[in-house]
Amino acid sequence: MRRVFLDMDGVLVDSIPYLLNYHDLEHCWEEWGQGNYDIYSNTGMSSQDFFDVDAAVWFDMPKTEWADELVDLCLDNFDTFIITSSFPEAMRAKYMWLQKYYKDFNMNKIIFTWRKELLANRNDVLVEDYIINAELWEENGGTALICPQPWNNNNDIDHVFRSLKGMI
Ligand SMILES: [Mg+2]
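Residues numbered from 1 in each chain as written. Predicted model: local features only at pLDDT ≥ 70, side-chain atom pairs only at ≥ 80, totals over all residues.

Novice: I keep staring at helix α1 (residues 15-22) and nothing clicks. Help me out?
Specialist: For an α-helix, 3.6 residues make a turn, and residues three or four places apart therefore share a direction. Along α1, the residues that are buried comprise S15, I16, L19 and L20. Viewed end-on, α1 has its buried residues packed into an arc of 130°, placing them on one side of the element. For α1, the elements touching its buried residues are α2 (27-30) and α4 (47-51). (Buried ≥ 20, exposed ≤ 12 C-beta atoms within 10 Å, placed from the backbone. Helix = DSSP H or I, 4+ residues; strand = E, 2+ residues; numbered from the N terminus. Arc of directions from axis to C-beta. Contact = placed C-beta atoms within 7 Å.)

What follows is the structure, encoded as structure tokens:
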């Protein structure tokens, strides 16, 4: 069975709009620079300050609109892993977030790492929102699918679903 690795932030978790709201920076979402993932130039906050929030904030973040359909499709058809970078303080909250929304998910298949590409093997699929991670994954022989966000090429989410269904 083909292996699919699902990123959390920007793929399953609607993190950035929630953090903008948390920091009273909602207006930055509408003005977000297309293709630009740099936190400082989009928000005026350092990346460190922007993401340095309590675990409870990470736990409360909402799902993306396509998260349920994506998880269902992957659990039904692929050997599915969660792969996510995380600050140490947020790890437990992310783990609990997954338990809250996806009880059926095997919690032994969650991987916390800042070096996702080390897991890329031929035929392995990464569902990701950050272009750099996607490129590194593909350089290491895997296939990457990009969920639409302002900071990437903003493909239609249907492209992700069509591609995954084509791999079943
Ligand atoms: Mg992400």
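Novice: Help me out: how do you make sense of the sheet that holds strand β3 (residues 110-112) in this one?
Specialist: The pairing of strands in a sheet comes from backbone hydrogen bonds and takes either a parallel or an antiparallel form. Taken together, five strands build an open sheet; the order of strands is β3-β2-β1-β4-β5 and the sheet is parallel. Of all the strands in the sheet, the pair left with one neighbour each is β3 and β5 (143-146). Taking the axes of each pair of neighbouring strands and ignoring which way they run, one obtains an average angle of 25° across the sheet. Looking at chain direction, strand β1 (residues 3-6) and strand β4 (residues 125-128) are connected through three bridges and run parallel. The residue bridging F5 from the neighbouring strand is L126, located in β4. Against the sheet, helix α6 (residues 67-77) makes contact with β1, β2 (79-84) and β4, and its axis sits at roughly 155° relative to β1, the strand it touches most. (Pairing = 2+ DSSP bridges. Axes fitted to C-alpha atoms, helices over the stretch in contact; angles between N-to-C directions.)

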